[in-house]
Amino acid sequence: MPQKQPPRRQSISVGRGTRKRDEDSGTEVGEGTDEWAQSKATVRPPDQLELTDAELKEEFTRILTANNPHAPQNIVRYSFKEGTYKLIGVVNQLAVHFSQVGNLIPKDSDEGRRQHYRDELAASSQESTKVVISETEILEEEEELKETEAETEAGSQTDMPVAEVAEKVTEEELMTPKQPKERKLTNKFNFSERASQTLNNPLRDRECQMEPPPRTNFSATANQWEIYDAYVEELEKQEKTKEKEKAKTPVAKKMGKMAMRKMTSMESQSDDITKVTQAAKIVERMVNQNTYDDVAQDFKYYEDAADEYRDQEGTLLPLWKFQNDKAKRLAVTALCWNPKYNDLFAVGHGSYDFMKQSQGMLLLYSMKNPSFPEYIFSSESGIMCLDMHVDHPYLVVVGHYDGNVAIYNLKKPHSQPSFRSSAKSGKHTDPVWQVRWQKDDMDNNLNFFSVSSDGRIVSWTLLKSELVHTDVIKLKAEGSTTDGLDGLQLHTMGCGTAFDFHKEIDYMFLVGTEEGKIYKCSKSYSSKFLDTYDAHNMAVDAVSWSPYHTKVFMSCSSDWTVKIWDHTIKTPMFIYDLNSAVGDVAWAPYSSTVFAAVTTNGKTHVFDLSINKYEAICSQPVVTKKKNKITHVQFNPIHPIIIVGDDRGHVICLKLSPNLRKMPKAQSRPSPPGVRAGQREEVQLPEE
């Protein structure tokens, strides 16, 4: 038996050099040596290139991107929004190399259970057949075993022992050298950190069905002649434009270019804004409705329960406060409700101070959006008065401090007035204190009246493109005539501050002056007054006819008084001293005996003559600071609210308590002549 040799150790290193065995690889290793100190043989793959040291040291930079080199970059699709073909900027870079539709079924599903049941049935049937076959096979196997045992007994005498055969096999394995296994190189570009291998949540698609956009098939044929004609027309247009530019002067060219730039910029801005104007307005109103929800609930449902315990007195509940930063330092000079939309009202801003005159503002607010006005118009001169047309509620006439009158059209988006007076068209020379729309004239032209401090009451008629004025009457102060040169008589003009037209008699109107007098005038007589009332000791701030009684009117003045008159009598029927200058008065639309007045000390006074003829049933301060002066007041024609404006540009909305809006009781005695009987009972406050 040959002696067993110890196994030889060898180390293999993979590199770019040639593969060789160490010279000492076949020698035996001593006990004190380590495996890492042995020499290692380098192994090179069979398909590796042989490179020099310079080529090995050369660096190659490669940038891998996720872009598909075969993806098209010029895909064009039709845009239904813009109506043109547009180039698609984002192209799908995904390249699918292999995809297969699977046919696996979950075990817990109905189909899986059915297949499992069928497999069990097939297996049970096969087992029954196997049992029959196995019995015959067992008999055959027993016979074969008997034959093989007889053969092994005869052959075992000549065979070698099993131990010797095993020793030979182990010696052959040790003598043959082991071939080194080829090591698999790792892919350096398929590396991912462990932290990045997180589970991404599966995405869920949500789809909705909508109507497809309407489509139409368009087809046309274009030949060379049609293309040629189109080019010829374009050349002719270019030649015409060049001829027009040559004929223009250089100044006109500059002006045209500037106008074109402004137009293009305005069009681009307007196109961007108008697309979302309506939607933004709706969203803004919804947000304000949520913000001021408590105020809206008070406006609709709140009733002061304490009125039952008060002795016929009432209160005012503050609701919304309207203000704008642009009109912060301007006083409220006029208030007017829109005759069609009961939630919309106009506010005029200017200044009553002669030394502090600046620009004017016309703002229109809605109670649905108290945070910002619906319309904004600015003017160079302060607005002192305004009025809205009954039949055309989009027309607003204003009077300016410089004596001009202007008409704004709310349907037109631009901020310039549609009509405006000038020095040539007969504007006033002093501030216009009040304007009022009148019925259309005989030619169905719109017209309005204005009164100014220059003593003129002017009728203005709207023609197609201009305002035509007519002087109705000139206010001449009585006893102020002086003899001039050559026996000429000079008249001192009165200063008109307020006027109002009769509700039924069209030609009759009242005019209040700075001297404190009130003149009853007629449109037919331009040189004489129908009557004169020595009303107040200071300027008359407001005059107003009663909406129910044809003979009654009311006036207020800076001499702290409010007076109620019968125009057939020269002495007042009622006089109320409010201990401060009265800025404005207004009749209530729901009762003939209720009216309101505001004073410069910040208080609002509400009177009801059917309850108390001597004093107000409500006197309440409605501004936060004592310095704020209230200038105007107006009743809403439908809802039980009033709006008041102060000299700081604020407009406050107030709700009347139940005691302030009681209906007068029906009278059994016949009504006096001139009073429309039963009309008080017909007018009722609408339900909120």
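Residues numbered from 1 in each chain as written. Predicted model: local features only at pLDDT ≥ 70, side-chain atom pairs only at ≥ 80, totals over all residues. Heavy atoms only, no water.

Going by the annotation in an unreviewed UniProt entry, the name recorded for the protein chain is Dynein axonemal intermediate chain 1, with Canis lupus familiaris given as the source organism. What UniProt states about the protein chain under its Function (unreviewed entry) heading is, verbatim, "Part of the dynein complex of respiratory cilia." The protein chain has a UniProt comment under Subunit (unreviewed entry) that states "Consists of at least two heavy chains and a number of intermediate and light chains. Interacts with BICD2. Interacts with CFAP45 and CFAP52. Interacts with CFAP53." (UniProt positions renumbered as here; feature names shortened; annotations may be inferred.)

**Let's talk about the sheet that holds strand S10 (residues 383-388)**
Spatially, the 4 strands line up as an open sheet ordered S10-S11-S12-S13, and their pairing is antiparallel. Edge positions in the open sheet fall to S10 and strand S13 (419-420), since each of these has one partner strand only. Alignment of strand S11 (residues 395-400) against strand S12 (residues 405-409), held across 5 bridges, turns out to be antiparallel. By the bridge assignment for S12, Val 397 is matched with Ile 407. (Pairing = 2+ DSSP bridges. Helix = DSSP H or I, 4+ residues; strand = E, 2+ residues; numbered from the N terminus.)

**What to know about unusual backbone geometry**
For Asn 444, which is not glycine, the phi torsion reads 60° and is therefore positive. Tracing the backbone shows Asn 444 in the loop between strand S14 (432-438) and strand S15 (447-452). Despite not being glycine, Trp 560 shows a phi value in the positive range, around 75°. In this structure, Trp 560 sits in the loop between strand S25 (552-557) and strand S26 (561-566).

**Focus on the pairing of strand S24 (residues 540-545)**
Burial analysis of S24 places 5 of its 6 residues in the buried class, the great majority of the element. Pairing of S24 with S25 involves 5 bridges; the strand directions are antiparallel. Looking at the pairing, Val 543 lines up with Ser 555 of S25. Linking two consecutive strands that pair antiparallel, namely S24 and S25, is a turn of 6 residues. (Buried < 20%, exposed > 50% of the residue type's maximum accessible area, 1.4 Å probe, protein only.)

**Here's the deal with the pairing of S12**
Burial analysis of S12 places 5 of its 5 residues in the buried class, the great majority of the element. What you see with S12 is no split at all: Val 405, Ile 407 and Asn 409 on one side and Ala 406 and Tyr 408 on the other are buried throughout. The loop that links S11 with its antiparallel partner S12 comprises 4 residues; one of these, Gly 403, has a positive phi angle of about 100°. Direction of pairing for S12 relative to S13: antiparallel, over a ladder of 2 bridges. Among the inter-strand pairings, Ala 406 is bridged to a residue of S13, identified as Arg 420.

**Topic: the environment of Leu 364**
The residue Leu 364 is located in strand S8 (residues 360-366) in this model. Each C-alpha atom, one on Leu 364 and one on Leu 344, is 6.8 Å from the other, the two residues being 20 residues apart in sequence. For Leu 364, the contacting residues outside a window of four places in its chain are Leu 344, Phe 345, Ala 346, Pro 373, Glu 374, Tyr 375, Phe 377, Met 388 and Leu 410. (Contact = heavy atoms within 4.5 Å.)

**Comments concerning the pattern of salt bridges**
In the structure shown here, the tally under the stated rule is 14 salt bridges. Between Glu 50 and Arg 44 there is a salt bridge; the shortest N-O distance is 3.2 Å. What makes Arg 44 partly exposed here is its relative accessible area of 26%. For Asp 471, the salt bridge identified is with Arg 456, shortest N-O distance 3.0 Å. Of this pair, Asp 471 sits in strand S17 (residues 467-474) while Arg 456 sits in strand S16 (residues 456-462), and the two are 15 residues apart along the sequence. Looking at Asp 471, the relative accessible area reads 33%, which means it is partly exposed. For Arg 456, a relative accessible area of 13% translates into the label buried. Among the ionic contacts, a cluster of salt bridges with common partners joins Lys 281, Arg 285 and Glu 374. (Salt bridge = Lys/Arg side-chain N within 4 Å of Asp/Glu carboxyl O.)

**Points about the sheet that holds strand S23 (residues 531-534)**
Read across the sheet, 4 strands follow the order S20-S21-S22-S23 without closing on themselves; strand pairing throughout is antiparallel. What marks the edges here is a single partner per strand, and that holds for strand S20 (496-501) and S23. In this sheet, neighbouring strand axes are inclined to one another by 20° on average, regardless of whether the strands run parallel or antiparallel. Sheet topology places strand S21 (residues 508-513) next to strand S22 (residues 517-522); 5 bridges connect them, and they run antiparallel. Within S22, the residue paired with Gly 512 across the bridge is Ile 518. (Axes fitted to C-alpha atoms, helices over the stretch in contact; angles between N-to-C directions.)

**Looking at the side chain of Thr 631**
The topology assignment puts Thr 631 in strand S32 (residues 630-635). Residue contacts for Thr 631: discarding those within four places in its chain leaves Val 332, Tyr 352, Gly 583, Asp 584, Val 598, Gly 645, Asp 646 and Asp 647.

**A look at the environment of Ser 558**
Its location among the elements puts Ser 558 in the loop between S25 and S26. Measuring from C-alpha to C-alpha, the distance between Ser 558 and Thr 600 comes to 9.2 Å, with 42 residues separating the pair along the chain. Filtering out sequence-adjacent residues up to four positions away, Ser 558 remains in contact with Met 538, Ala 539, Asp 541, Ala 581 and Val 582. Of the polar contacts made by the side chain of Ser 558, one reaches the side chain of Asp 541; its length is 3.1 Å. (Polar contact = N/O pair within 3.5 Å; in protein donor to acceptor, adjacent residues only side chain to side chain.)

**Focus on helix H4 (residues 224-247)**
Helix length check: H4 (24 residues) gives 35 Å between terminal C-alpha atoms against 34 Å at 1.5 Å per residue, within 8%. Counted residue by residue, H4 has 0 buried out of 24 residues, so it is predominantly exposed. (Expected span 1.5 Å × (residues − 1).)

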